[in-house]
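Here is how the chains run, residue by residue.
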Amino acid sequence: ALIAGFGYLTFASAAGECSKDIQKDSFNFVKGDHCISLSAKEYSFFESSRKCQALGGNLTSIHSAEDNKALVDFLLYTAYHKKDVWIGLNDFDVENNFKWTDGSNLMDFKPYWGDKEGPRGGLQHEFDDCVALNPTNSKWRDYRCDGNQVTSIFAPEKLYLCTTPVVTA
């Protein structure tokens, strides 16, 4: 079912819908028993994660090619957003040991990395620990995580994808 309100689109399913707090401030859709929403404002990775946790969720994790495609389609054709968005993948605890912020298992993610992105060596990569999804090419790219770096050029702010449980209507 399609619900329109406050200029954003919300999709509900038999399992439920996104919470009213999420519906009023974001483009969102329901996949299974989860609501996936695109933030309305840009933040650093860590601030994005905090904002998402305050909504009762985690930055979105991707576990299959179908998940990746569904998110890309949502960004391009529902939210009309073509810039990179934060997802929950990072390696800030241990270099090149990527994990999801929700603690879920990591699938074979090598096909999703853009050119010269992902696990690798080099000084620049030591600082690029947080991952964003590029909807225009369906690939992932790692960036610096936080605005505590020297300039915002190296610690970008982005919109983020947040996954929360659905609520029953």
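The preceding data block contains the structure.
Keep in mind it's a predicted model, so treat the numbers as computed, not measured.

A. The overall build of the protein chain, seen in detail. Within the protein chain one finds four helices and ten strands. Ordered by position from the N terminus, the helices and strands of the protein chain form the series β-β-α-β-β-α-β-α-β-β-α-β-β-β. Split into buried and exposed, the 169 residues of the protein chain put 47% on the buried side. In the structure as shown, the protein chain presents an accessible area of about 8700 Å², 53% of it carried by carbon and sulfur atoms.

B. Examining the side chain of T163 more closely. By secondary structure assignment, the location of T163 is in strand 10 (residues 159-165). In terms of polar contacts, T163 uses its side chain to reach the side chain of T60, at 2.8 Å. If we skip the residues at most four places from it in the chain, T163 touches H34, C35, I36, C52, G57, N58 and T60.

C. Quick look at the nonpolar core. One finds L38, I87, L133, W140 and L161 to be the most contacted residues of the largest nonpolar core, which totals 25 residues. Mapped onto this core, the elements with two or more residues apiece are strand 3 (27-31), strand 4 (34-38), helix 3 (65-78), strand 6 (85-90), strand 8 (130-134) and strand 10. A total of five residues in this core trace back to one element, the largest contributor, which is helix 3. The contact partners of L38, leaving out residues within four places of it in the chain, are S26, F27, F74, L75, A79, H81, V85, L159, Y160 and L161.

D. Summary view of the packing of aromatic side chains. On inspection of all chains with the given rule, the structure shows nine aromatic pairs. Their ring planes at 80 degrees and their centres at 5.8 Å tell us that F45 and F46 sit as a pair that is edge-to-face. Between W100 and W140 the ring centres are 5.9 Å apart and the planes differ by 80 degrees, which places this aromatic pair in the edge-to-face class. Taken together, the positions of W100 in strand 7 (residues 99-100) and W140 in strand 9 (residues 139-143) put the pair 40 residues apart, joining distant regions of the chain. Note on W140: relative accessible area 1%, which makes it buried. An aromatic cluster is defined as three or more aromatic residues linked by ring pairs; in this entry it consists of F45, F46, W86, F92 and Y143.

E. Just the state of the cysteines, in detail. This model, assessed by the stated rule, comprises three disulfides. Here C52 pairs with C162 through a disulfide, and the sulfurs are 2.0 Å apart. Because the torsion about its S-S bond is 85 degrees, the bridge between C52 and C162 counts as right-handed. In this pair, C52 is assigned in helix 2 (residues 45-54) and C162 in strand 10, connecting sequence segments 110 residues apart. Under the relative-accessibility criterion, C162 is labelled buried at 0%. Paired by a disulfide, C130 and C145 hold their sulfur atoms 1.9 Å apart. Where C130 bonds to C145 through sulfur, the torsion about that S-S bond is close to 95 degrees, and the disulfide is right-handed. Of this pair, C130 sits in strand 8 while C145 sits in the loop between strand 9 and strand 10, and the two are 15 residues apart along the sequence. In the protein chain, the bonded cysteines, taken in the order they occur along the sequence, pair up as 1-2, 3-6, 4-5.

F. Representation of helix 3. Taking 1.5 Å per residue, 14 residues should reach 20 Å; helix 3 reaches 19 Å between its end C-alpha atoms and fits that length. All of the buried residues along helix 3 are D67, N68, L71, V72, F74, L75, L76 and T78. Immediately beyond the C-terminal end of helix 3, within one or two residues, lies Y80, with a positive phi of roughly 55 degrees.

What counts and how
Residues numbered from 1 in each chain as written. Predicted model: local features only at pLDDT ≥ 70, side-chain atom pairs only at ≥ 80, totals over all residues. Heavy atoms only, no water. Helix = DSSP H or I, 4+ residues; strand = E, 2+ residues; numbered from the N terminus. Buried < 20%, exposed > 50% of the residue type's maximum accessible area, 1.4 Å probe, protein only. Areas by Shrake-Rupley, 256 points an atom, 1.4 Å probe, with all protein chains shown as cover. Polar contact = N/O pair within 3.5 Å; in protein donor to acceptor, adjacent residues only side chain to side chain. Contact = heavy atoms within 4.5 Å. Core = buried A, V, L, I, M, F, W, Y, C linked by side-chain atoms within 4.5 Å. Phe/Tyr/Trp six-rings, centres within 6.5 Å; stacked < 30°, edge-to-face > 60°. Disulfide = S-S within 2.5 Å. Expected span 1.5 Å × (residues − 1).

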